[in-house]
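Structure at a glance
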Amino acid sequence: MMTAEEDANREHASTITLNDESDGRLTVNISDAVSELETVKFTIQTKTALPSFQQRHMSVVRCHEEFIWLHDMLNGNPEYAGYIIPPAPPKPDFEAARDKLTRVTAAENTMTEDEYKKLRKELESDYLALFKKTVAMHEMYLTRIASHSKLREDSNFVVFLEYTNDLKVRSKNKKELIGGFFKSMTKSVDEALLGSQKDVDEYFIERRSFLEEYHNRIKETTKKSELSAAAASSLSLDYMQVAGCMALISKIDPSLQRFMVQTAITFESLQKLQKRVGTDEDLKFTDLFKYYQRETQAAKSLLYRRARALADKEIAQTKLEQANKRFKDIPTAEAYLEDCRIRFEGISDMAKNELETFQNRRVETYRKHMVDMAELQIRHSQSFITEINKSIDLLKNL
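Residues numbered from 1 in each chain as written. Predicted model: local features only at pLDDT ≥ 70, side-chain atom pairs only at ≥ 80, totals over all residues. Heavy atoms only, no water.

Another point: the overall build of the chain. When you go through the chain residue by residue, the secondary structure sums to eight helices and four strands. Along the chain, helices (α) and strands (β) appear in the sequence β-β-β-β-α-α-α-α-α-α-α-α when read from the amino end. Considering the chain as a whole, with its 398 residues, one finds that 41% of them fall into the buried category. Partitioning the contacts of the chain with sequence separation of at least 6, the portion at a separation of at least 24 is 76%. (Helix = DSSP H or I, 4+ residues; strand = E, 2+ residues; numbered from the N terminus. Buried < 20%, exposed > 50% of the residue type's maximum accessible area, 1.4 Å probe, protein only. Contact = heavy atoms within 4.5 Å.)

Next comes the structure, spelled out in structure tokens:
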């Protein structure tokens, strides 16, 4: 069992943050998290001055399935068709990390005590980094909702933050998963059919084209960022292998023992620093790109809902023309057209504001992460230089 408090000494600068516009009337953060065998439970602290909440300070425990329930409730609410619904946080997956720890524990008798301790410490560090990333993703999701002037007033969000008991949410069964798959397929086909739709609003034509290209580019950027972070982590393993070779040579040739032992210690220190470089790059860049890949998809879903509303309005117009020709059901057709028109215009008005906010938030968030990463790289470089200079001084005095 791991808790977020065990990783409290990790630098806060390495977590990912979004530049959300909040008026301070609702603040939400995850103060602690516990990893159990089947799930992760998050302790959520809330402070608010909003009248929709009965309390001003709240603390509840929620699992990942309850986050998915909240997302489904927001995404399925027709009143929010004109909003970018924040993407649900990814499901925690610690299975691979747990398997590695189990295998290392089982192989304890085949290694020296020092080798076992180093390897186990390395795996625990990886586990904690993954755990911290999971907590950050879930906290980002709540922060996005809390900063939205309308979504934060949603009754389901209020219940999520205020109701202290278990929400009794279960994972989707096979029937629901299959139903969701077919629903997704239907949406994809509908999007393809609406692709040839004529839109007279130049703003949305331009936004749609931009999001399509941006989504493709962010996917490619995510892949390249993953490769870069993996290369940094791989280099840290190379440092560890060099340190092991140096330690082995020190035992074979006594005349080089002091030199090789000190060199091995230096490479072990460099390995820890290089590991931090890979972790920070993963958190600051890769995770951010992955998030905006999902957020861009949410923005595209907003444009799909608007396109669907436009298509419904055009269908209603056709039905009214047919009713006029038949001189039958004209009031019903007129009322239906008016409903479709109001819905389409409402979604369009909200969508413009949402897309502008999305643009500004994205630019500010990237700028912040670029600055933070540059500062981290400078700090890491200084640490490398300090460690190497210290090693050189020690070797000179041997």
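Moving on, we get to helix 4 (residues 155-162). Every buried residue of helix 4 is listed here: Phe-157, Val-158, Phe-160, Leu-161 and Glu-162. Structurally, the start of helix 4 carries an N-cap: the backbone nitrogen of Asn-156 is 2.8 Å from a side-chain oxygen of Asp-154. (Polar contact = N/O pair within 3.5 Å; in protein donor to acceptor, adjacent residues only side chain to side chain.)

All chains considered together, the criterion is met by 12 aromatic pairs. Ring geometry for Phe-210 and Tyr-214: centres 5.6 Å apart, planes at 15°, overall stacked. You can see Phe-210 and its partner Tyr-214 sitting in helix 6 (residues 202-252), four residues apart, about one turn around the helix. Classification of Tyr-214 by relative accessible area gives buried; the value is 14%. A ring pair is formed by Tyr-239 and Phe-267, whose centres lie 5.9 Å apart and whose planes are at 50°; its orientation type is tilted. With Tyr-239 in helix 6 and Phe-267 in helix 7 (residues 257-326), this pair connects stretches of sequence that are 28 residues apart. An aromatic cluster is present here, built from Phe-285, Phe-289, Tyr-291, Tyr-292, Phe-358 and Tyr-366 joined pairwise through their rings. Across the ring face of Phe-204, the terminal group of Arg-306 is positioned such that the distance to the ring centre comes to 3.8 Å. Seen from the ring of Tyr-214, Arg-362 lies directly overhead, with NZ or CZ sitting 4.8 Å from the centre. (Phe/Tyr/Trp six-rings, centres within 6.5 Å; stacked < 30°, edge-to-face > 60°. Lys NZ or Arg CZ within 6 Å of the ring centre and 35° of its normal.)

Before going further, it helps to spend a moment on the packing of helix 1 (residues 64-75) against helix 4. Axis separation between helix 1 and helix 4 bottoms out at 9 Å; the angle between their running directions is 165°. Between helix 1 and helix 4, the interaxial angle falls into the category roughly antiparallel. With respect to the hand of their crossing, helix 1 and helix 4 are arranged in left-handed fashion. Counting all contacts with helix 1, which are made through Glu-66, Phe-67, Trp-69, Leu-70 and Met-73, the residues of helix 4 involved are Asn-156, Phe-157 and Phe-160. Here the contact of helix 1 with helix 4 is composed, by residue class, of six nonpolar, one polar and one charged. (Axes fitted to C-alpha atoms, helices over the stretch in contact; angles between N-to-C directions. Parallel < 35°, antiparallel > 145°, perpendicular 65-115°, else oblique. Left-handed = near helix turned anticlockwise from the far one by under 90°. Nonpolar A, V, L, I, M, F, W, Y, C, P; charged D, E, K, R; others polar.)

Moving on, we come to the nonpolar core. The biggest cluster of nonpolar side chains holds 33 residues, and the ones touching the most others in it are Phe-42, Ile-44, Leu-70, Leu-74, Leu-142, Phe-157 and Phe-160. Elements with a minimum of two residues in this core: strand 2 (26-35), strand 3 (40-48), strand 4 (57-63), helix 1, helix 3 (113-146) and helix 4. Element by element, the count of residues in this core is highest for helix 3, at eight residues. The contacts of Leu-142, once residues within four sequence positions are left out, are Val-28, Ile-44, Phe-67, Leu-70, Phe-157 and Phe-160. Counting residues in hydrophobic clusters, the runner-up holds 22 residues, among them Ile-84, Leu-211, Leu-302 and Leu-303. (Core = buried A, V, L, I, M, F, W, Y, C linked by side-chain atoms within 4.5 Å.)

So, about the environment of Leu-248. If you trace the backbone, Leu-248 turns up in helix 6. Among the residues examined, Leu-248 registers a relative accessible area of 52% and is labelled exposed. Along the backbone, Leu-248 and Ala-264 are 16 residues apart, and their C-alpha atoms lie at a distance of 9.4 Å.

Of note, Thr-263 is situated in helix 7. Its relative accessible area of 9% is what places Thr-263 among the buried residues. Dropping the residues within four chain positions of it, Thr-263 is found in contact with Met-246 and Leu-395.

Take unusual backbone geometry next. With a phi angle near 55°, Phe-327 is a residue other than glycine that sits in the positive phi range. Tracing the chain through its elements places Phe-327 in the loop between helix 7 and helix 8 (330-396). Of note, the phi angle at Asp-329 is positive, near 60°, even though the residue is not glycine. Within the fold, Asp-329 resides in the loop between helix 7 and helix 8. A relative accessible area of 45% means that Asp-329 is categorised as partly exposed.

On to the packing of helix 6 against helix 7, then. Where helix 6 meets helix 7, the closest approach of the two axes is 7 Å, and the angle between their N-to-C directions is 165°. Regarding the angle of helix 6 to helix 7, the classification is roughly antiparallel. Viewed along their axes, helix 6 and helix 7 form a crossing whose handedness is left-handed. Grouping the constituent residues of the contact of helix 6 with helix 7 by class yields 25 nonpolar, 17 polar and 12 charged.

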